[in-house]
Structures are given as structure tokens and as C-alpha cells.
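Single-letter residue listing:
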Amino acid sequence: MTSDFADALASGPLVLDGGLSNQLEAAGHDLGDALWSARLLAEDPEAITRAHLAYFEAGAEVAITSSYQATFEGFARRGIGRERAAELLALSVASAREAARRARTARPERALWVAASAGPYGAMLADGSEYRGRYGLGRGALERFHRPRLEVLAAARPDVLALETVPDTDEAAALLRAVRGLDVPAWLSYTVAGDRTRAGQPLDEAFALAADVDEVIAVGVNCCAPEDVSGAVETAARVTGKPVVAYPNSGETWDAKSRGWRGRSSYTAERVRDWRERGARLVGGCCRVGPETITSIARALPRE
């Protein structure tokens, strides 16, 4: 599949944004519910636009939308019907587009892109199961869960679909079937621990699922420790021959008992350059990676 975004990816590395939720929290928004940042699509979409804009201004070239935890099922639990839910999913793309428009007022020549996030089934459950996988559902059920949301996101015309934080190969296979025929390219990004998916499958087997899928223009990892990225990037590039996407967490760890982050960031510009040498073409951050780190990535990844 060819697209303007795929062409841009072929011409040089692209800088992704960082964690949308921590940027929203830094602005004073409470995200402590099951819808997470998607709640603001209904309550304060301007806040989401401003968060995207902060990352564009920091040097990001790709904004990942606030639809990670936005699902028909999740919205239904809040009393939001399917028609309104579809409008909110489309709004996630429109909000990122508006941020790009504002960012270009100062630099009209900038090429900026929007990736529509589709989080895993576990994100809808809001119980942390996206870091375990193996929900007890077959691939057919997972495909039926993902396809309607992907159809709505694709109709909103993002530049790419971000199939992200995928914990196991069953869900990856379902997503790969669900994106067929949508006429929007996609990337597939696993969350990993060491050299395996969160569900324990070897990464070479996991990435191989996407090797011959034309809709998938990049593969990689996100929402993992920076220390786990280099090997995963190398494996993804070797197994698929596709550009690689890498956007890990900061390296801090979440303490569920104290409900706070512990440790120090291990995300460095030196790591970014190493990922680039191993095949990464889309680099950004996930949890606890803010605009300052995105600026350092942009400096470490000049366009070729």
C-alpha cells in the first residue's frame, strides 16, 4: 500500500509524539476513570487539541490520537450511544488535525501527520489486561470487536492507523484481518517484556504475522521499557523488512500500591540513535515521555 505517509516514512525518520495522558494531566486534567483521555473527547476536546499542539511545537511530526481507550463498548458503559460514540471517535482525528493546522501557522512548510490510535481489547476492560493478553476470546471475536471502531477511524481519514500496545499474537492476527480493505495504512506495535510479547510469544513469530500484510507499513514496539527496544527493533526489521516504529515508556515504573511512578527515566538520545541504526524510522514515546524528551528525539533524528 502506498500513501503520502508511507512516502514520507521512506524518505527519512519521523518523530512521534509522547504520552498524551501525561500531557493532559500536566495541564490539570483528572484522567482517573475507565475512559482515560477519551473522556475528554466528550467533555473538553479543546484540551486534547492543546496537548497535541504541545507535542507538535516540541518537534513531533506525528500525533497519535486520543482514541486508544475509545470504544463503542466503553462509551456505552457511560451512557453514550453508538452514533455519538462514532462522532467522538471521528473527533479524535479532527482534534489532532486541528493541532497540526495551528502548528503550521508558524511554519507552513511543515509536514505533519495524524495516526489514529486503536488500543487492544484489554484497554477497553481498563483492568491492565492489555499487559497480559490472552483474554479468553478467539481471534474471530477480537476481529469483531476491532473492526467497527477501525471502520469509523478510517472514515475520518487519518494518515495511518496505529494498532498499538498489542500484547499477544492472537490479537495481532485479529487486528491484521480487521484492517483489510480500509484503504488506510497501518502500523502494528506490540508491548513487550524482554524478547517476547507480554503474553510470552517470541518476537520473531509475532512480527512475522505482519510481514506479508500490505496494509501494514511499519511494525515495532511501544509501552515497554527503553531497555527492551533495541533487540525488538532489530528483530522486527530482520523478520519483516519493513520500517520499524519504537515508542517506549520513560523507563520509570508504576507502583500500584502507592499509585505513583518510581525510579528515573532511562530514555536517552543515545538510545534513540541506536534504535535508528537498527532500523527504527518512527520514534517517539509513551507513558511518562513528555515534550522535552520529544525535542531531544527530534534533535537526535535529523531528516536525511
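First, a word on scope: everything that follows refers to the structure included in this document. Being a predicted model, the structure only gives us computed values, none of them experimental.

Helix and strand counts for the protein come out as 13 helices and 12 strands. Its C-alpha atoms give the protein a radius of gyration of 17 Å, within 12% of the compact-globule value 19 Å for 304 residues. If one aligns the C-alpha atoms of the protein with their principal axes, the spans along those axes are about 50 × 45 × 45 Å. Out of the 304 residues belonging to the protein, those deemed buried represent 58%. Within the protein, contacts between residues at least 6 apart in sequence are counted, and of these 76% link residues at least 24 apart. Total accessible area on the protein stands at roughly 12100 Å², and carbon and sulfur atoms take up 46% of it.

Excluding glycine, most residues fall at negative phi; most peptide bonds, likewise, are trans. In this structure, Thr 165 is a non-glycine residue whose phi angle is positive, near 55°. By secondary structure assignment, the location of Thr 165 is in strand β4 (residues 160–166).

Before going further, it helps to examine the nonpolar core. The biggest cluster of nonpolar side chains holds 75 residues, and the ones touching the most others in it are Leu 150, Leu 161, Leu 163 and Leu 188. Among the elements that make up this core, the one with the highest residue count is helix α6 (residues 82–106) (8 residues). Setting aside residues no more than four positions away along its own chain, Leu 163 makes contact with Ala 118, Leu 150, Leu 175, Val 179, Ala 186, Trp 187, Leu 188 and Ser 189. If you look at the next biggest cluster of nonpolar residues, it comprises 18 residues, including Ala 6, Ala 8, Ile 64 and Ile 217.

This part is about the pairing of strand β5 (residues 186–190). Among the 5 residues that make up β5, 5 are buried, leaving the element largely enclosed by the rest of the structure. Taken together, the 4 bridges between β4 and β5 define a ladder with parallel strand orientation. Note on β5: the bridge partner recorded for Leu 161 is Ala 186. Read from β4 through helix α9 (residues 169–178) to β5, the crossover connection turns out right-handed. The pairing of β5 with strand β8 (residues 216–222) spans 5 bridges and is classified as parallel. For Tyr 190, the partnering residue across the bridge sits in β8 and is Val 221.

Procedures and definitions
- Residues numbered from 1 in each chain as written.
- Predicted model: local features only at pLDDT ≥ 70, side-chain atom pairs only at ≥ 80, totals over all residues.
- Heavy atoms only, no water.
- Helix = DSSP H or I, 4+ residues; strand = E, 2+ residues; numbered from the N terminus.
- Rg over C-alpha atoms; globule rule 2.2 N^0.38 Å.
- Buried < 20%, exposed > 50% of the residue type's maximum accessible area, 1.4 Å probe, protein only.
- Contact = heavy atoms within 4.5 Å.
- Areas by Shrake-Rupley, 256 points an atom, 1.4 Å probe, with all protein chains shown as cover.
- Core = buried A, V, L, I, M, F, W, Y, C linked by side-chain atoms within 4.5 Å.
- Pairing = 2+ DSSP bridges.
- Right-handed = clockwise from strand over helix to strand, strands pointing away.

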